[in-house]
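Tertiary structure, described
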Amino acid sequence: MPPSVPSTKAAYSADHSLRERLAQCYREVRAHSLALAAPLSPEDQCIQSMPDASPTKWHLAHSSWFFEAIVLQPFAVGYRPFDKRFAHLFNSYYESLGPRHPRPQRGLLTRPSLGEVHAFREHVDAAVLSLIADVDAAAWESAAPLLVLGLNHEQQHQELMLTDILHALSCNPLLPAYQRAGPSSVPPTAELPAMRWLPMPGGVTPIGHTGEGFAFDNETPRHQVLLPPFRIADRLVTCGEYALFVADGGYQRPALWLSDGWAMVQAQGWQAPAYWISPGDPRAPSAEWQEFSLRGVRSLDTRAPVSHLSFYEAAAYAEWAGARLPTEFEWEAAYGTSAITQMIGEQWQWTRSSYDPYPGFRPLCGAASEYNGKFMVGQLVLRGGSSATPAGHSRGSYRNFFPPAARWQFSGLRLAKDA
C-alpha cells in the first residue's frame, strides 16, 4: 500500500526523529513509483499514446528532476546534477527553470535508457536523504516544505502513471492487461441499494483547507461561501445506471448535451464511456458489454461506479436523469456527512465549478509558484480521488482539475438537485 506523507508540522521540525520519519516516507514514496512501473516492459515504459499522456519512464525521471531542481540545487551545498541535459528533457511546465522538450514528443525520448533513468533516481535519492540528515536548521525551514510538496507531487505522478499506461494499452489491438488479477469478489447479481437523496441545509459554509497537515496552494485560503439548500446523492452513479442512458440513445440526443459536448460527441464518435467495449467488438468478442481496465478485459460490473467520463458526458447524464452535477462547494459541504458514501477512493467526481482561485489566493514563492495558479482558466474541478490515487493523498479540500473533454482519467459522477 502506498505510504501517507507526514503532516506539514512534523516535516518541518528540526527534531532528528521527525526528520527520520520524513526520510522513511521519502524512501517509501519513491519505492512505490518503481513498484507501479515493475509490471511494465522497457518498451511499455517508453510509449506515449496521446499528447495529454506521458511515458512511464518520463514520469519516473520528471519526479526526480523535480526534487533535483526544486530542493537539491537550492539547498544541497555542492550538489552536482546527474546530467545537466536532463533539465531540458524532464522539466514539465516551469518557465522560470528554462526551456523544455515539447510535451507531445515525450514518447520520442528512447534515450536516456530506462536503466539511466533508474540511475538518475538513485543519484537523487542519495542526495535527498543526505540533505534531510545533514542540512542546517535554517535551510531546513525552507527546504522541508518543498520536500513535502515534492512527495505529494510524486504521488500525483503515480496516479498519472496508471491512467497513462491504461490509455496506451487500450490502443493495442491485443488489449493487454497492466497486471492480471482474480475475478471480482462481488457477485454480479447482488442487489444494489437504491440511490438516496440527502438533504443539505445550505447557508454560510467554510470552504478550503483547515491548515492541519499538507495542502496544495489551490486549496487555500479557507473562506466562506453561501449555499442555497440542496440535495446530493448518497453514492456515485453506477455502470448499470449509465448503461441505461446509453441504451436510451443518450449519445444520439443533442438536447441532453452542452453545445461543446455535442460537438465532441460528433467529432470523436463517442458512443459510451472510454474503455467500454460494445457487444460484438472483434477485439474481445462477447454478447455483453465489457470494459478494458488495468486488469485487462472484464465483464462490465453494473454495480461499480461508472468511470472514464468527460465532464460533457457527466453533465449529459445528469440532464437525462433530471438532476445536475454538484458544485465543488456543495461537494465539500457534503463531505463527511453521515450516510454519504464513495466520497474518496472510488472515482474522481466532476463538479459544475470552473477551476478558479479562491478569494485572496496567493501562489507559492519561487519556481513552485507555477505549480497550480497559472492553470486557473478553462478547466473544471473534480473532487474525491479514485482507486488509482495513492492512499492518504486525497482529502475533503483537495481540488483536481482537467479540461471538460478529458476522459482518460478515473472520473465519474455524483448527482445533485436543488432543494
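Structure: above.
Predicted model, so just to flag it, every value in this text is computed and none were measured.

Criteria and cut-off values
Residues numbered from 1 in each chain as written. Predicted model: local features only at pLDDT ≥ 70, side-chain atom pairs only at ≥ 80, totals over all residues. Heavy atoms only, no water. Pairing = 2+ DSSP bridges. Helix = DSSP H or I, 4+ residues; strand = E, 2+ residues; numbered from the N terminus. Axes fitted to C-alpha atoms, helices over the stretch in contact; angles between N-to-C directions. Expected span 1.5 Å × (residues − 1). Buried < 20%, exposed > 50% of the residue type's maximum accessible area, 1.4 Å probe, protein only. Contact = heavy atoms within 4.5 Å.

Some thoughts on the sheet that holds strand β12 (residues 416-418)
Within the open sheet, the three strands sit side by side as β1-β4-β12. Their pairing is antiparallel. Edge positions in the sheet fall to β1 (197-200) and β12, since each of these pairs with one other strand and no more. Recorded for the sheet is a direction-independent mean angle of 25° between the axes of neighbouring strands. Two strands pair when backbone bridges link them, and β1 and strand β4 (residues 230-233) are joined in this way by four bridges, in the antiparallel orientation. Residue pairing across strands places P199 opposite R231, the latter belonging to β4.

What to know about the sheet that holds strand β7 (residues 296-299)
Taken in spatial order, the three strands make up an open sheet running β5-β6-β7, and their pairing is antiparallel. Each end of this open sheet is capped by a strand with a single partner; those strands are β5 (276-277) and β7. Both β5 and strand β6 (residues 290-293) contribute to a ladder of two bridges, which runs antiparallel. The residue bridging W276 from the neighbouring strand is E291, located in β6.

A closer look at unusual backbone geometry
Cis rather than trans, the peptide bond between R111 and P112 has omega equal to 5°. A cis amide bond links T220 with the next residue in sequence, P221, at an omega value of -5°. Structurally, P221 is set in the loop between β2 (203-207) and β3 (223-227).

Looking at helix α2 (residues 16-37)
For α2, which comprises 22 residues, the first-to-last C-alpha distance of 32 Å matches the rise-based estimate of 32 Å (1.5 Å per residue) to within 8%. Within the span of α2, buried status applies to R19, L22, A23, C25, Y26, V29, R30, H32, S33, L36 and A37.

Regarding the environment of R231
Relative to the helices and strands, R231 is located in strand β4. Here R231 falls in the partly exposed class, since its relative accessible area comes to 31%. Along the chain, R231 and D301 lie 70 residues apart, while their C-alpha atoms are 27 Å from each other. Those residues within four positions of R231 in sequence are excluded, and the remaining contacts are W197, L198, P199, A416, K417, D418 and A419.

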